[in-house]
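Chain and residue survey
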Amino acid sequence: MNGPSVADMLVVDDLRVAFPNREGGMTEAVRGVSFRLGRERLGIVGESGSGKSQTGRAILGLTAPEGRVTANRMEFDGIDLLHSSARQRRALRGGRIAMVLQDPKFSLNPVMSIGDQIVETLDAHARVSRREARDRALETLRQVQIDNPERVFDLYPHEVSGGMGQRAMIAMMLIADPDLLIADEPTSALDVTVQLQLLAILDRLVTDRGMGLVFISHDLRLVSTFCDRILVMYAGKVVEELSAGGLQDAQHPYTRGLVNCLPRLGEHRHPLPTLDRRPEWAL
Amino acid sequence: MTIAEQTRGGGRRSARLLRGADTVGRFLLVIFLTYLGLLAVTFFIGRVIPIDPVLAVVGDRAPEHVIQRVREEMGLNKPLWEQFFIYCRKVLQGDFGTSVLTSNPVMQDIRRAFPATIELATLGTIMGAGLGVPLGVWAAVRRGGVADQLVRVMGLIGYSVPIFWLGLMGLLVFYARLGWVGGPGRIDVAYEYSLTPVTGFMLLDTAIAGEWEAFGNAFSHLILPASLLGYFSLAYISRMTRSFMLNELNQEYVIAARAKGLTETRIIWRHALRNAMVPLVTVIALSYAGLLEGSVLTETVFAWPGLGLYITNSLQNADMNAVLGGTIVVGSIFIGLNLLSDILYRLLDPRTKTR
Amino acid sequence: MSAVNAPSPGGWREWLMSDRPQSRRQAALGRAYGGWRTFSRNRLAMLGLAIVIALLLVALFANQLAPYSPYIGDLRTTRLLPPSAAHWFGTDDQGRDILSRIIHGSRITLFVVVLVAILAAPIGLVVGTVAGYSGGLIDAALMRITDIFLAFPRLILALAFVAALGPGIENAVIAIAITSWPPYARIARAETLTIRQADYIAAVQLMGASPWRIVLRHIMPLCVSSVIVRVTLDMAGIILTAAGLGFLGLGAQPPTPEWGAMIANGRLYVLDQWWVAAAPGAAIFLVSLAFNLLGDGLRDALDPKGVK
């Protein structure tokens, strides 16, 4: 594959996303996030409202229309995302940058068959015959380890389990061979056993295809086992950047708080540690 | 409350008659019960409330033995439940009795008047849905824009203005002052007797006969009352479409569709509207039913010889057989439309199918 | 901390807006004030409220406001006069001043609206709360009846009722009330189903309260506000139905200055003397619009979930 160079497929510098608030002003949900990403796995961890999801959506250009996105620099493979047209952004979405959402119950269109929804992505980005599109969709379904893709192809989302739905979602997002996948809490809505299965599938696909991955989650442990690097976000800012193995070296008190909250086998703790949130971290 | 229920609750009147029914058996039972309710109510109105139906037939000066005989002939000396049973049997056979006003069987009168009403209500609904759905979609996509304001204003006026008054003012402006449209009635008298009714629909009959002049004339008579009904239908359908679409556009699958790189056009029309169509079908069926009902007032204003005018004429002459016959027919159509919208609902929403 | 028990002259707003009310009354007033703030920011709703208040005043002072008699006109000199300084809205075929008739007609409109609300809302409230609280067979039966009524053509059913009862404003009111309670029953039932699960209902049950007492004292009061909103939204529909019945000659009988009947009368002259039908129609439109605006505003203020 002749993709972008390893070091900076995605460059984000001082990204800010703001939304109008009730008082008539703007409230920043993302307040100056910067990072670079190559063909690697980056985890973004934070609690709800920390701005991690909005960061992912801003990269795709999916910020709600009333929101305002600014940055010093936001580039994908040398393409300036801030100044590219709506049409260029659309061509990137699904074609080169894809996103997996949290819950297949809501993120799959309930009145469209799974196969049609997968084929649709391909149709949006490539000129293919109906037959070829179907074959590729079936092949992608196979890649997400769906055993009888012909049957699943014709099913509607409500007819499959959550895990199956999420695999179909991944197939839908990967069929056009994107270079970067943003996975926004892709396993949070699933049962624990299914979570592990799905992560294994995702892991293999990302490795085999040499994609970059932004893995957004609130689950520090999950991210630390799955990603190469971790950004910890709090109140719209990156408070710390860690390598996956370096959890114990965390400097920031918020991250340390998170690490301390992780249960360890064979350890009795009383009282349970609680997370400390200080207003000055948000400054 | 589920999202689907909330959106449906947005309708002023919701067709939930059959929604709880899951099996064919229950389905039929619900229809049966509803129909029985309709018959019971009309029976109650016709037999129990008036002072004495016998006196209405023979007059209050008839001798006692005549009154007795008529009472027996009408079956009024039988117990109430038996009367009701006989009544149901007659109605199901299409026998609504004889109209005092026209001395025809009520069913025959209704059959003659019916096409005029259907023609009007159908054209009105086609206008309302044909314009209302795109307008509502546009209003939802561009919130606060021109279409959004238009939908809002049209809705407010549609819910506030008396339809018969608007019809009168329409006649005043477009017929009397501007002369753009034909006046009351379905067609000018000059054409009326040269035409052989085939379908009973004026537009079709003139077209079949190849009488294009008459066709044009019939159309000029039809356009004003149909636009009037169309306006009310448009006001309702566009408002509902807007609110269903706003609901759908907030769903996660729309974000997923954007993330796939689909065009906005495709997302709006193929994804969001396809989902909004599920409750919309009910709304459109209800608006059709509402227009049939509104025809009572509209047809009076436009002297339109349909079912509505038939009912009001009979009302003013205390012709109860005709009034109740008309009520049962309109009520049956309501039940039928409820049924139809439920079937369409099931067809459109794959989640209601079980494999 | 010096909590304000008795508010100082300038502290009314703080007292009302307090998030730690000291008494039930303060909490209730505070809530009402909060609702009012939302409501009064909605300019269209305020306009609706103003028109409704104006309608009330006009009805109250009809005798003082009407320049002429609504019943007696001069057939020789004032028949079918166009609008002028002497007769703002013109005169009708009996030589009566249309403005005076509209002013007096406001009483009939209010009479209909209030009476229908008084009759239909309690029926719906009782049916809905009893069905929702009892559950089981009673619920199924009551709701089936409600659904059957919902599936009927309301206007035509009302027509049939009036035809049987005989024309007249009282019978029109009864007919409209009979056909308009089902939506209120639906709403009250939906509310009851959520309230029924609440812990305090369980607590009252444990204290041995009878089902009737629970429904009447603890559930019904909580359903009232949503039913009121719905009734306000329905007011316009009630006015329009009543006017329609009047137009068909089934409502108020002549010479009563009912707006719908006035339009029916004006219909005969509409092509030449348009004002006879125009003015009462405009009055119906204005009042219905006011109730619609008011209802929308109330819904948005009392039920934040419904805000679109």
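Owing to the predicted nature of the structure, the values given are computational and were not obtained by experimental measurement.

Conventions used here
Throughout, residues of each chain are indexed from 1 in the direction in which the sequence is written. Going through the entries in the order they are written, you letter the chains from A and number the ligands from 1. Given that this is a predicted model, residues contribute local features only at a pLDDT of at least 70 and side-chain atom pairs are listed and counted only at 80 or more, while totals for whole chains, interfaces and linings are drawn from all residues. Note that the side-chain values use all heavy atoms of the structure and ignore hydrogens as well as water. Every helix listed is a DSSP run of H or I at least four residues long, and every strand listed is a run of E at least two residues long, numbered separately from the N terminus. For a compact globule the rule gives 2.2 Å times the number of residues to the power 0.38, and the radius of gyration it is set against comes from C-alpha atoms. Note on definitions: a residue-residue contact is assigned when non-hydrogen atoms from the two residues lie within 4.5 Å. Here the Shrake-Rupley method, with its probe set to 1.4 Å, supplies the accessible areas, and only the displayed protein chains count as covering residues. We count Lys and Arg on the positive side and Asp and Glu on the negative side, and we leave His and both chain ends out. Every charge is mapped to an atom, namely NZ of Lys, CZ of Arg, CG of Asp or CD of Glu. Buried, partly exposed and exposed residues are distinguished by accessible area as a fraction of the type maximum, computed with a 1.4 Å probe on protein chains only: under 20%, between the cut-offs, and over 50%, respectively. What counts as buried area is the accessible surface, traced by a 1.4 Å probe, that two parts surrender upon association, with contributions from both included. Two N or O atoms count as a polar contact when they lie within 3.5 Å, although within protein this holds only if one can serve as hydrogen donor and the other as acceptor, and sequence-adjacent residues are included solely when both atoms are side-chain atoms. Residue polarity is assigned by list, with Asp, Glu, Lys and Arg as charged and Ala, Val, Leu, Ile, Met, Phe, Trp, Tyr, Cys and Pro as nonpolar; anything else, Gly included, falls into the polar class. UniProt positions are given in the numbering used here, feature names are shortened, and annotations may be inferred rather than shown by experiment. The start and end points of each domain follow an automatic or database-based domain assignment. Any Lys or Arg side-chain nitrogen found within 4 Å of a carboxyl oxygen on Asp or Glu counts as a salt bridge. Here a cavity denotes grid points, spaced 1 Å and computed from the protein atoms alone, that fit a 1.4 Å probe unable to get out, and a pocket denotes an open set having protein on both sides within 12 Å along at least 5 of 7 lines; residues with an atom within 4 Å of a point are the lining. Grid points are joined across faces, edges and corners, and a volume is the space filled by probe spheres set on the points. Working note: the arc is built from the helix axis to C-beta atom directions. Strands qualify as paired when DSSP identifies two bridges or more between them. Axis angles are defined between N-to-C directions and span 0 to 180 degrees, where every axis is a line fitted to C-alpha atoms and, for a helix, only to the segment in contact.

A closer look at the overall build of chain A
A count of helices and strands for chain A gives ten helices and eleven strands. Whereas a compact globule of 283 residues would reach a radius of gyration of roughly 19 Å, chain A reaches 19 Å, a difference of no more than 12%. Judged by the C-alpha coordinates and their principal axes, chain A covers about 60 × 50 × 40 Å. Across chain A, every contact between residues at least 6 apart in sequence was considered, and the portion connecting residues at least 24 apart equals 67%. When the accessible surface of chain A is split by element, carbon and sulfur atoms take 48% of a total near 13,200 Å². Charge centroids of chain A, computed over 34 positive and 37 negative side chains, lie 2 Å from each other.

Considerations on the overall build of chain B
Along the backbone of chain B there are 15 helices and zero strands. Looking at chain B residue by residue over its 355 residues, the buried ones come to 54%. Of the contacts formed within chain B by residues at least 6 apart in sequence, a portion of 72% connects residues at least 24 apart. Accessible surface, chain B as shown: approximately 16,000 Å² in total, 63% of it carbon and sulfur.

What about the interface of chain B and chain C?
Contacts between chain B and chain C engage 50 residues on the former and 45 residues on the latter. Roughly 4,400 Å² of surface becomes buried between chain B and chain C when both sides are summed, with 74% attributable to carbon and sulfur atoms. Seen at the junction of chain B and chain C, the total is eleven residue pairs in polar contact (both at pLDDT 80 or more). Among the elements of the structure, α2 (24–48), α7 (146–160), α8 (163–177), α11 (212–249), α13 (264–302), α14 (307–316) and α15 (320–348) of chain B are those that each provide at least two residues to the side of chain B that touches chain C. Ranked by residues supplied to the side of chain B that touches chain C, first place goes to α2 of chain B with nine residues. Class assignment of the residues belonging to the side of chain B that touches chain C gives a composition of 30 nonpolar, ten polar and ten charged.

Topic: the UniProt feature "transmembrane region" (unreviewed entry) in chain B
Residue and element names in this part refer to chain B. UniProt records the feature "transmembrane region" (unreviewed entry) at residues 23–45, 120–141, 153–176, 218–237, 276–302 and 322–345, using the numbering of this structure. Secondary structure across residues 218–237 divides into 100% helix and 0% strand, with the first and last C-alpha atoms of the span separated by 27 Å. Measuring from the first to the last C-alpha atom of residues 276–302 gives 35 Å, for a span that is 100% helix and 0% strand.

Considering the domain arrangement of chain B
Residue and element names in this part refer to chain B. What the domain assignment lists for chain B is domain 1 (15–92) and domain 2 (106–354). Taking only C-alpha atoms, the centre of domain 1 and the centre of domain 2 are 32 Å apart. Facing the 16 residues of domain 1 at the interface are 16 residues of domain 2. A buried area of about 1,400 Å², summed over both sides, lies between domain 1 and domain 2, and 73% of it is on carbon and sulfur atoms. The interface formed by domain 1 and domain 2 includes one residue pair in polar contact (both at pLDDT 80 or more). Going through the elements one at a time, α2 and α5 (80–92) are the ones with two or more residues in the side of domain 1 that touches domain 2.

Quick notes on the UniProt feature "domain: ABC transmembrane type-1" (unreviewed entry) in chain B
Feature annotation in UniProt assigns "domain: ABC transmembrane type-1" (unreviewed entry) to the following positions: residues 114–345 of chain B. Span residues 114–345 of chain B is 82% helix and 0% strand, its end C-alpha atoms 27 Å apart.

Quick word on unusual backbone geometry
Between P254 of chain C and P255 of chain C the backbone carries a cis peptide bond, its omega angle lying at 5°. Topologically, P255 of chain C is positioned in the loop between α11 (211–247) and α12 (259–267). Here D177 of chain A, not a glycine, exhibits a phi torsion of approximately 55°, which is positive. Within the secondary structure layout, D177 of chain A lies in the loop between α7 (162–174) and β8 (180–184). On the basis of relative accessible area, D177 of chain A is assigned to the partly exposed category, the value being 41%. We note that L80 of chain C has phi near 50°; this positive angle belongs to a residue other than glycine.

Description of the interface of chain A and chain B
The interface is formed by 28 residues belonging to chain A together with 22 residues belonging to chain B. Of the roughly 2,200 Å² buried where chain A meets chain B, counting both sides, 61% is carbon and sulfur surface. Connecting chain A to chain B are three salt bridges. Among the ionic pairs, R57 of chain A bridges to E252 of chain B, the shortest N-O distance being 3.9 Å. Linking chain A to chain B there are eleven residue pairs in polar contact (both at pLDDT 80 or more). Of all the elements in the fold, those that place two or more residues in the side of chain A that touches chain B are β7 (97–100), α3 (104–107), α4 (114–125) and α7 of chain A. Among the elements that line the side of chain A that touches chain B, the one with the most residues is α4 of chain A, at five residues. Tallied by class, the residues present in the side of chain A that touches chain B amount to 15 nonpolar, seven polar and six charged.

Considerations on the environment of L220 of chain A
All names here are of chain A. With respect to the element layout, L220 can be found in helix α9 (residues 220–226). The class for L220 is buried, based on a relative accessible area of 4%. Each C-alpha atom of the pair L220 and P65 lies 31 Å from the other, and the pair is 155 residues apart in sequence. Excluding its chain neighbours within four sequence positions, the residues that come into contact with L220 are V45, L247, L258, V259 and L262.

A short note on empty space enclosed by the protein
Residue and element names in this part refer to chain C. If you walk through the whole model with that rule in mind, you get nine cavities of 30 Å³ or more. Lining the second largest cavity we find I108, T109, V112, V113, I239, A242, A243, E258 and I284. Counting only elements with at least two residues in the lining of the second largest cavity, the list comes to α5 (98–134) and α11. A total of four residues in the lining of the second largest cavity trace back to one element, the largest contributor, which is α5. Split by residue class, the lining of the second largest cavity holds seven nonpolar, one polar and one charged.

As for the arrangement of the chains
The structure contains two pairs of chains in contact, of which chains B and C account for the largest number of contacts. Over all C-alpha pairs, chain A and chain C never come within contact, reaching a minimum spacing of 13 Å.

Some remarks on helix α10 (residues 202–209) of chain B
Residue and element names in this part refer to chain B. Of the positions making up α10, those classed as buried are M202, L203, D205 and T206. The buried residues of α10 all sit within an arc of 165° when viewed along its axis, so they share a single face. In this structure, the buried side of α10 is in contact with α6 (106–141) and α11. Backbone geometry just downstream of α10 places G210 in the positive-phi region, at approximately 75°.

Structural notes on the sheet that holds strand β9 (residues 212–217) of chain A
Residues and elements named next belong to chain A. Pairing is mixed across the open sheet formed by six strands, whose spatial order is β7-β8-β9-β3-β10-β11. Strands with a single pairing partner mark the edges of an open sheet, and in this sheet they are β7 and β11 (237–243). Put simply, the sheet's adjacent strands are angled 20° from each other on average, direction ignored. Here four bridges tie strand β3 (residues 41–45) to strand β10 (residues 229–234), and the two strands are oriented parallel to one another. In the strand pairing of β10, V45 is matched with V232.

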